[in-house]
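Fold and geometry: a report
The residues making up each chain are set out below.
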Amino acid sequence: MTSTTWEEIKVEPGKYLETMRALHKEGLNQLSDLTAVDWKDRGVIEVVAHLVALRPGEDPRQALGRRVRVKTEVERDRPSLDSVTPIWPGADWYEREVWDLFGVDFPGHPDLRRIMTPEGFAGHPLRKDFVDRRPKRERVPHTR
Amino acid sequence: MAELNDLRLATGGEKPELRDVVTKDVGEEEILVSMGPQHPATHGVLRVVLKLSGETIVDAYPDIGYLHRGVEKIAEGWTYPQFVPMTDRLDYVAAMSNELAYVLAVERLMNIEVPPRAAYIRVIMAELQRIASHLVWLGAFGTDMGAVTLFLYCFREREKIIELFEMASGARLTYSYMRIGGVRNDLPDGFVEKARDFVKLMRQRLKEYDDLFTGNRIFEARTKGIGPLTAEQAIALSATGPTLRGSGVAYDVRRAEPYLIYDQLDFEVPVGKNGDTYDRYLCRMKEMRESLKIIEQCLDALPGGEVMAKVPKVIKPPAGEVYSLTEAPRGALGVYLVSDGSANPYRLHWRAPTFANLQIVRETTRGFKIADAVAVIGSVDIVLGEVDR
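The structure displayed is predicted, hence computed values, not measured ones.

Looking only at helices and strands, chain A has two helices and four strands in total. The order of α-helices and β-strands along chain A, N terminus first, is β-α-β-β-β-α. In terms of its C-alpha atoms, chain A occupies a principal-axis envelope of roughly 55 × 45 × 30 Å. The buried share of chain A, reckoned over its 144 residues, is 42%. For chain A, long-range pairs separated by at least 24 residues make up 56% of all intrachain contacts whose partners lie at least 6 apart in sequence.

Another aspect to go through is the overall build of chain B. The secondary structure content of chain B amounts to 16 helices and eight strands. On C-alpha atoms alone, chain B measures out to a radius of gyration of 22 Å, which is about the 21 Å that the 2.2 N^0.38 rule sets for 389 residues. In chain B, buried positions account for 52% of the 389 residues.

Further remarks concern the sheet that holds strand β2 (residues 47-53) of chain B. Residues and elements named next belong to chain B. Strands sit in the order β1-β2-β3 across an open sheet of three strands; the sheet is antiparallel. The strands lining the two open edges of the sheet, one partner per strand, are β1 (30-35) and β3 (56-63). Averaged over all adjacent pairs, the angle separating strand axes in this sheet is 20°, with direction ignored. Pairing geometry for β2 and β3, over seven bridges, is antiparallel. When the bridges of β3 are listed, serine 53 appears paired with threonine 56.

Residue and element names in this part refer to chain B. At asparagine 111, a position not held by glycine, the phi torsion is positive, near 60°. Inspection of the secondary structure assignment puts asparagine 111 in the loop between α4 (95-110) and α5 (116-144). Taking the C-beta count within 10 Å as the criterion, asparagine 111 has 9 such neighbours and is therefore assigned exposed. For serine 238, which is not glycine, the phi torsion reads 65° and is therefore positive. Here serine 238 lies in the loop between α9 (231-236) and α10 (242-245).

A separate point is the pairing of strand β4 (residues 64-75) of chain A. Residues and elements named next belong to chain A. Inspection of the sheet shows strand β1 (residues 7-11) paired to β4 by five bridges, in the parallel sense. Bridge assignment links isoleucine 9 to a residue of β4, and that residue is valine 70. As judged from the ten bridges shared by strand β3 (residues 44-54) and β4, these two strands associate in the antiparallel manner. Note on β4: the bridge partner recorded for isoleucine 45 is valine 74.

The next point concerns helix α6 (residues 148-169) of chain B. Residue and element names in this part refer to chain B. Between its first and last C-alpha atoms α6 spans 31 Å; for 22 residues at 1.5 Å apiece the expected length is 32 Å, and the two agree. Burial in α6 covers these residues: Leu150, Cys154, Glu157, Ile161, Leu164, Phe165, Ala168 and Ser169. Packing partners of the buried residues in α6 comprise α5 and α7 (191-212). Where α6 ends, the next residue or the one after it, glycine 170, has phi of about 95°, a positive value.

Quick look at the sheet that holds strand β6 (residues 320-328) of chain B now. Strand pairing in a sheet takes place through backbone hydrogen bonds and is either antiparallel or parallel in direction. Residue and element names in this part refer to chain B. Ordered in space as β6-β7-β8, the three strands form an open sheet in which the pairing is antiparallel. The open sheet is flanked by β6 and β8 (347-351), the only strands paired with a single partner. In this sheet, adjacent strand axes meet at a mean angle of 10° when their direction is disregarded. Direction of pairing for β6 relative to strand β7 (residues 331-339): antiparallel, over a ladder of nine bridges. In the sheet register, leucine 325 faces β7, and the bridge partner there is glycine 334. Contacting β6 and β7, α4 crosses the sheet at an angle of about 150° to β6.

Okay, the confidence of the model for chain B next. Regions with low pLDDT should not have their predicted coordinates read in detail. Residues and elements named next belong to chain B. Per-residue confidence for chain B gives a mean pLDDT of 88, with 97% of residues at or over 70. Confidence, expressed as mean pLDDT per element, reaches its minimum in chain B at helix α1 (residues 18-22) with 79 and its maximum at β8 with 94. Throughout residues 1-13 the model reports pLDDT below 50, and contacts reaching past four residues in sequence, or to other chains, amount to 22 contacts. The complex prediction reports pTM at 0.89, with the ipTM value standing at 0.89.

All names here are of chain B. Taken N-terminus to C-terminus, the directions of α7 and helix α12 (residues 277-301) make an angle of 160°; their axes are 10 Å apart at the nearest point. Put simply, α7 runs roughly antiparallel to α12. Crossing of α7 over α12 shows left-handed handedness. Residues Val192, Ala195, Arg196, Val199, Met202, Arg203, Leu206 and Asp210 of α7 pack against Met285, Met288, Arg289, Leu292, Ile295, Glu296 and Leu299 of α12. Tallied by class, the residues present in the contact of α7 with α12 amount to ten nonpolar, no polar and five charged.

Turning our attention to the environment of leucine 50 of chain B. If you trace the backbone, leucine 50 of chain B turns up in strand β2. Taking C-alpha positions, leucine 50 of chain B is 8.4 Å from isoleucine 370 of chain B, a pair spaced 320 residues apart along the chain.

What follows covers the packing of α5 of chain B against helix α15 (residues 370-380) of chain B. Residues and elements named next belong to chain B. One can describe the packing of α5 onto α15 by two numbers: an axis separation of 9 Å at closest approach and a directional angle of 180°. With respect to each other, α5 and α15 are oriented roughly antiparallel. For the pair formed by α5 and α15, the contact residues are Ala140, Phe141 and Asp144 on the first element and Val374, Ala375, Gly378 and Ser379 on the second. Of the residues in the contact of α5 with α15, the class split is four nonpolar, two polar and one charged.

Parameters and conventions
Chains are numbered independently. Their residues run from 1 in the order of the written sequence. A letter from A marks each chain and a number from 1 marks each ligand, given out in the order of writing. pLDDT decides what is reported in this predicted model: residues at 70 or higher carry local features, side-chain atom pairs at 80 or more are listed and counted, and totals for whole chains, interfaces and linings draw on all residues regardless. Helix and strand labels come from DSSP, where a helix needs a run of H or I of at least four residues and a strand needs a run of E of at least two; each type is numbered from the N terminus. Residues with at least 20 other C-beta atoms within 10 Å of their own are called buried, those with 12 or fewer are called exposed, and the rest are partly exposed. The C-beta atoms themselves are positioned from the backbone. Here contacts are defined at the residue level, using C-beta atoms placed from the backbone and a cut-off of 7 Å between them. With C-alpha atoms as the basis for the radius of gyration, the globule rule is written as 2.2 Å multiplied by the number of residues raised to the power 0.38. We treat two strands as partners when DSSP finds at least two bridges between them. Here, axes are lines fitted to C-alpha atoms. For helices the fit covers the stretch in contact, and angles between N-to-C directions go from 0 to 180 degrees. To estimate the expected span of a helix, subtract one from its residue number and multiply by 1.5 Å. Every residue carries a pLDDT, the predictor's confidence in it, which falls somewhere between 0 and 100. Throughout this description, any angle smaller than 35 degrees is read as roughly parallel, any larger than 145 degrees as roughly antiparallel, any in the 65 to 115 degree range as roughly perpendicular, and the remainder as oblique. In this scheme, a crossing is called left-handed if the near helix is turned counterclockwise away from the far one by less than a right angle; it is called right-handed if the turn is clockwise. Residue polarity follows a fixed list, in which Ala, Val, Leu, Ile, Met, Phe, Trp, Tyr, Cys and Pro are nonpolar, Asp, Glu, Lys and Arg are charged, and the others, Gly among them, are polar.

Have a look at this one:
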């Protein structure tokens, strides 16, 4: 089993974009993943981005360099975070998904609109206080 | 009941819908055609709105979400072991790879090491699954372009793999075979022999597919130079797997961050040069050969022993998080798991490789014909189950 430790950087929303630009300049050329976690009890939504440095070439052992996880916390009330699509175009759909499912706005995104939920759907389902409207059924506890 | 759930925020006002975006700048000689969501060549419920000038694509807007089942939300209400069968249903063409990605993430969070026999069995299953998945891709790819014979051949071979999976796990497509700590049961008698026979057969058959397809002039005309993607573009668009390797970047998680016993195995990672559809095709063909090598090495070195580690009855990982990557047939499959110390995940995010890979469709089809869009979408190897979750 190999170590999966990623360098972790926590940053304020105000410094997010410049930090991301700096990291990109340092060689982190691929956004592996961008998602969010709803910490309802603390009143924040944490946006988590995973960045990797990839090198073109034929040697698979040389392809991956640095790995960094960047975390930012935005207020749950009106969450808004600069879009990193100008830096990594691949962030496009990831940010759309975070908008759709968590309600985080990304000013600077070229085309921010829903991606998973159907047209006309209201609400941000992955939030902890999203009301689940599916009919409830008796759940048997997982016991032995 | 909409008002109950209207948590939509006032930031920036209502966001546009797809129709607002695509109908905005349609030129006089342009038309909008909706390809999908029901379409034989979009491999699942994918919709691509094409803005066409004659037969040339001016722009392409992939529209996803038709298979969104809220899997990540469901995970928050289930226990960790309960989620294993759900992973089968995400990328339903490569279920073993999904299960492996998930159980590895939980094991990393809990610092559980699986017994060696389980590790070898997992690698055998993962590589058999890679071949089965590539066979589905190959068959569908050929069919999209009119070469229907290939579909028949691929599924004939894939049936042998499915039979092996059925022997071991009882199911043909959704196995629930991998568990947190190992695998559910040991390999049955006869599995190893049958697997060896399959490897011999598959080598022969791969040669047949090559004779039929690679080098075929019509096939080359439809794939060479189509949908080119440079290495920089592919990296910037978060592409991974053969979609990225076809463009000349040898990023394969099995070599970059080896897991299980991949660091002890001898195999190559095929890399393309031009990033066109043909190179992505070649990458997958070569990957099937390399997977056969891996399976053989594992069958030869298969140790005895337990197939399940000692794990607590109730799986409660310590509070913390992990981002665990594995190389699924479609690319780097990541599981971002946040635990709050309870028996249910606080947040489970599935980094599906195809979700990011699908973004290249817009970039690579501009200027090409509709038929080329079909080839490009086929070469990305999409499975909507993992895109939409």
